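Listed here are the chains, written in short residue letters.
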Amino acid sequence: VFSKHPAGVMVVKFSQPNAASAAVDRFKGRDGCCGRKIEASYWDGVTDYTAHNAEQEERENEKRLDQFGDWLENQELPEEFKLQVE
């Protein structure tokens, strides 16, 4: 169970493919709690259902980009890359 995910995501693993198929067929579209419909499907092997704090991630990305920009600006260019005016 991904308890912090706003959509209330839950993953169930089965040892037999036919059991997974039966569960998807049985639960897809059923009424869940709080008047919500249950969506049942197979995991695509890629989707990350972990809940993320978007605001915090944005701040961290911005800070990391600023630090990288500062590092780039403080680099000394080798002579062959410097602008040469004749």
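### Re the packing of aromatic side chains
No. 1: Enumeration according to the criterion identifies one aromatic pair in this entry.
No. 2: Seen in terms of ring centroids, Phe68 and Trp71 are 5.8 Å apart; in terms of plane orientation they differ by 20 degrees. Their pairing is stacked. Remark: Trp71 and Phe68 occur in helix H2 (residues 54–73); sequence separation between them is three residues, near one turn of the helix.
No. 3: For Phe68, a relative accessible area of 45% gives the class partly exposed.

### Considering helix H1 (residues 17–27)
No. 1: When we look at burial in H1, the residues that qualify are Ala20, Ala23 and Val24. Buried residues of H1 fall within an arc of 100 degrees about the axis and therefore sit on the same side. Facing away from the buried surface of H1 by more than 90 degrees, the exposed residues are Asn18, Asp25 and Arg26.
No. 2: In the stretch just after H1, Gly29 is the one whose phi turns positive, near 85 degrees.

### Thoughts on a nonpolar patch on the surface
No. 1: Taken together, the side chains of Met10, Val12 and Phe14 present a nonpolar region at the surface, about 310 Å² in accessible area.
No. 2: Inspection of the secondary structure assignment puts Val12 in the segment before H1.

### Let's talk about the pattern of salt bridges
No. 1: Within the structure shown, the criterion is met by three salt bridges.
No. 2: A salt bridge links Asp31 to Lys37; the nearest nitrogen and oxygen atoms lie 2.9 Å apart. Taken individually, Asp31 and Lys37 each receive the classification exposed, so the pair is uniform in this respect.
No. 3: Linking Lys82 and Glu79 is a salt bridge whose minimum nitrogen-to-oxygen distance equals 3.3 Å.
No. 4: For Lys82, a relative accessible area of 30% corresponds to the partly exposed category.

### Quick notes on the environment of Trp43
No. 1: Looking at where Trp43 falls in the secondary structure, it is placed in the loop between H1 and H2.
No. 2: Separated by 32 residues in sequence, Trp43 and Val11 place their C-alpha atoms 8.4 Å apart.

Cut-offs used in this document
Here the residue numbers are simple positions, counted from 1 along each chain's written sequence. This being a predicted model, a pLDDT of at least 70 is required before a residue's local features are given, and a value of 80 or more before pairs of side-chain atoms are given or counted; all residues contribute to the totals for chains, interfaces and linings. Note that the side-chain values use all heavy atoms of the structure and ignore hydrogens as well as water. Here the aromatic set is Phe, Tyr and Trp, taking the six-membered ring for Trp, and pairing holds for ring centres within 6.5 Å; pairs whose planes are under 30 degrees apart are stacked, those over 60 apart are edge-to-face, and all others are tilted. Secondary structure elements are taken from DSSP: a helix is a run of H or I of four residues or more, a strand is a run of E of two residues or more, and numbering for both begins at the N terminus. Only protein chains enter the accessibility calculation, which uses a 1.4 Å probe. A residue is then buried if its area is under 20% of the maximum for its type, exposed if over 50%, and partly exposed in between. For this quantity, the arc is that covered by the directions from the helix axis to the C-beta atoms. Patch construction takes residues with relative accessible area above 30% that form no salt bridge. Like charges are linked within 9 Å, and nonpolar side chains (Val, Leu, Ile, Met, Phe, Trp, Tyr) are linked within 5 Å. Accessibility throughout is a Shrake-Rupley quantity obtained with a 1.4 Å probe, and a residue counts as covered only by protein chains that appear here. A carboxyl oxygen of Asp or Glu within 4 Å of a side-chain nitrogen of Lys or Arg is what we treat as a salt bridge.

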